Amino acid sequence: MSEAFDLHAYLNGGIARIVKNAQAAALKNPAESLFLARFALACRRAAAKRRAAEETGEHIPPFLIASITSQCNLHCAGCYARANHACSDAAAVRQLSGAQWENIFRQARELGVSFILLAGGEPMLRRDVLEAAGRVPEIVFPVFTNGVLLDGETGELFLQRRNLVPVLSIEGGREATDRRRGAGMYDRLCRVMRQLGEKSVLYGASITVTRENLAEVTGRAFLDTLYDTGCKAVIFVEYVPVSPETAQLAPGEDERAVLRQTVERLRCEREDVVSIAFPGDEKTSGGCLAAGRGFFHINSHGGAEPCPFSPYSDVNVCETSLREALRSRLFTRLQQDDVLSGEHEGGCVLFEKRETVEAILQEA
């Protein structure tokens, strides 16, 4: 793949390809086709806003990641959020309201942000925030969920608000998924995927890649299972170690090469499916995209952080605008000091350079 690969351009192109394929099924699913066509137009308008900002020396990233709750209903093995104390069984006392999140989403729209990834915790526990996101149709909100709450009234929300796109977390087949997420989770996820497919709801799959499950999750049998149920986005995320004892699970160079080849093959063979890998696609996009270069992270109480795996903040979006948060001293230093570039052993460059990030944060 070319070193000049543009991840955002690929995602926008992926939406265009999905729109093209959706037109053929317009009579069957006109609501989905109409939404995708409108979003393609919104993407072009957002890109124009970002280009205009660049001309005045201001860089606006096309993505945000928003952890809208610290609460989760599962205890997945090796969960980075729990290990980092960013996730728990009970909702934190300090947590942004639905109205505050909606204000953030509307600011993002005005800046030209196209995608806001909703994470947690388990984002399906915050229906108020999901409804707020649904009221900003110019932005697509991939909702990264374990799928447990994707049924009944909550599931119907995705039919009503087409800009909300469920992205189901799955680790491979039954053994691998149940080992990490709990007994019965694989069958539950397969049932949810079938239901989403039957309702023609656009959805994706998020796959945490380790040395242990690499062969399975890059294999045709597993991927065909996803495609056959209607999956339209496959997101591979390299495992980030939560402790020295789990470091051996993180993909090395050989495993990354296999993952890179798989993604390149999928992009050729499955043009109607968006296929991306993190941080692999960041590497071919010129380095880590965090800290506002391509995206940044907002935690459940409003702290603006470089990314979920680098939970450091010197500004809160409740106390300043989104635009000002992008100009934070921490983000500026991480970009100007070239901290975002360089090789890393596994998972995330900022995770490996966390001592450097902490030192910047502690400077007067």
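Fair warning: this is a prediction, and the values are worked out from it, not measured in the lab. (Residues numbered from 1 in each chain as written. Predicted model: local features only at pLDDT ≥ 70, side-chain atom pairs only at ≥ 80, totals over all residues. Heavy atoms only, no water.)

## Quick look at the overall build of the protein chain
Assigned secondary structure in the protein chain consists of 16 helices and nine strands. Classification of the 364 residues of the protein chain by burial places 55% in the buried group. Summing over all exposed atoms, the protein chain offers an accessible surface of approximately 15800 Å²; the carbon and sulfur share of this is 51%. (Helix = DSSP H or I, 4+ residues; strand = E, 2+ residues; numbered from the N terminus. Buried < 20%, exposed > 50% of the residue type's maximum accessible area, 1.4 Å probe, protein only. Areas by Shrake-Rupley, 256 points an atom, 1.4 Å probe, with all protein chains shown as cover.)

## What to know about the packing of aromatic side chains
Counting across every chain of the model gives five aromatic pairs. With a centroid separation of 5.9 Å and an interplanar angle of 25 degrees, the aromatic rings of tryptophan 101 and phenylalanine 105 are classed as stacked. Of this pair, tryptophan 101 and phenylalanine 105 both sit in helix α4 (residues 98–111), four residues apart, which is roughly one turn of the helix. A single burial state applies to tryptophan 101 and to phenylalanine 105, both of which are buried. Through a chain of ring-to-ring contacts, three or more aromatic side chains come together here, namely Phe39, Phe63 and Phe115. (Phe/Tyr/Trp six-rings, centres within 6.5 Å; stacked < 30°, edge-to-face > 60°.)

## Looking at the packing of α4 against helix α5 (residues 127–134)
When two helices pack together, their arrangement is given by the angle between the helix axes and the distance between those axes. One way to put it is that α4 packs onto α5 with a least axis distance of 9 Å and a crossing angle of 30 degrees. One element, α4, and the other, α5, form an angle in the roughly parallel class. At the point where α4 passes α5, the crossing takes the right-handed sense. Between α4, through Gly98, Trp101, Glu102 and Phe105, and α5, the contact on the second element is made entirely by Asp128, Val129, Ala132 and Ala133. In terms of residue class, the contact of α4 with α5 is made up of five nonpolar, one polar and two charged. (Axes fitted to C-alpha atoms, helices over the stretch in contact; angles between N-to-C directions. Parallel < 35°, antiparallel > 145°, perpendicular 65-115°, else oblique. Left-handed = near helix turned anticlockwise from the far one by under 90°. Contact = heavy atoms within 4.5 Å. Nonpolar A, V, L, I, M, F, W, Y, C, P; charged D, E, K, R; others polar.)

## Here's the deal with the confidence of the model for the protein chain
In the predicted model, the protein chain carries a mean pLDDT of 83, and 82% of its residues have values of at least 70. Across residues 22–27, confidence stays below pLDDT 50; counting only partners more than four residues off in sequence or on other chains, it has four contacts. (pLDDT = per-residue confidence, 0-100.)

## Looking at helix α7 (residues 174–181)
Ala176, Thr177, Asp178, Arg180 and Arg181 are the residues of α7 that are buried. Looking at the buried side of α7, the elements it contacts are β4 (164–169), α8 (185–198), β5 (204–209) and α9 (214–217). Looking one or two places after α7, you find glycine 182, whose phi comes out positive at around 120 degrees.

## Concerning the pattern of salt bridges
Within this structure, the stated rule accounts for 23 salt bridges. Between arginine 180 and glutamate 171 there is a salt bridge; the shortest N-O distance is 3.5 Å. The class of arginine 180 is buried, set by a relative accessible area of 17%. Connected through salt bridges with shared partners, the residues Glu58, Arg323, Glu324 and Arg327 form a single ionic network. (Salt bridge = Lys/Arg side-chain N within 4 Å of Asp/Glu carboxyl O.)

## Concerning the nonpolar core
The nonpolar side chains of a soluble globular protein tend to be buried, and buried together. Phe105, Ile116, Leu118 and Phe236 are the most contacted members of the largest nonpolar core, which has 100 residues in total. Among residues more than four places away in sequence, those in contact with isoleucine 116 are Leu64, Ala66, Phe105, Ala108, Ile139, Val140, Phe141 and Pro142. (Core = buried A, V, L, I, M, F, W, Y, C linked by side-chain atoms within 4.5 Å.)

## Focus on the packing of helix α14 (residues 329–336) against helix α16 (residues 354–362)
One can describe the packing of α14 onto α16 by two numbers: an axis separation of 10 Å at closest approach and a directional angle of 130 degrees. Taken together, α14 and α16 sit at an angle that is classed as oblique. Handedness of the α14/α16 crossing: right-handed. Along the contact surface, α14 presents Arg329, Leu330, Arg333 and Leu334, while α16 presents Val357, Ile360 and Leu361.

## Overview of the pairing of strand β7 (residues 274–278)
For β7, the buried fraction is high: four of the five residues fall into the buried class. Two elements, strand β6 (residues 233–238) and β7, share five bridges in a ladder whose sense is parallel. Bridge assignment links phenylalanine 236 to a residue of β7, and that residue is alanine 277. (Pairing = 2+ DSSP bridges.)

## Quick look at the environment of leucine 74
Relative to the helices and strands, leucine 74 is located in the loop between β1 (63–67) and α3 (80–83). Between the C-alpha atom of leucine 74 and that of glutamate 122, which follows or precedes it by 48 residues, the distance is 8.3 Å.

## Observations regarding the pairing of β5
Consecutive residues of a regular strand have side chains that alternate between opposite faces of the sheet. Burial within β5 is extensive, with six of its six residues counted as buried. Of the two faces of β5, both are covered, the one formed by Gly204, Ser206 and Thr208 as well as the one formed by Ala205, Ile207 and Val209. Alignment of β4 against β5, held across three bridges, turns out to be parallel. Opposite leucine 168, over in β5, you have alanine 205 as the bridge partner. One ladder, built from six bridges, connects β5 with β6; its direction is parallel. In the strand pairing of β6, serine 206 is matched with isoleucine 235.

## Brief notes about unusual backbone geometry
A negative phi angle characterises most non-glycine residues, just as the trans form characterises most peptide bonds. Between glycine 120 and the following residue, glycine 121, the backbone shows a cis peptide bond with an omega angle of 5 degrees. Examined against the element boundaries, glycine 121 turns out to sit in the loop between β2 (115–119) and α5.

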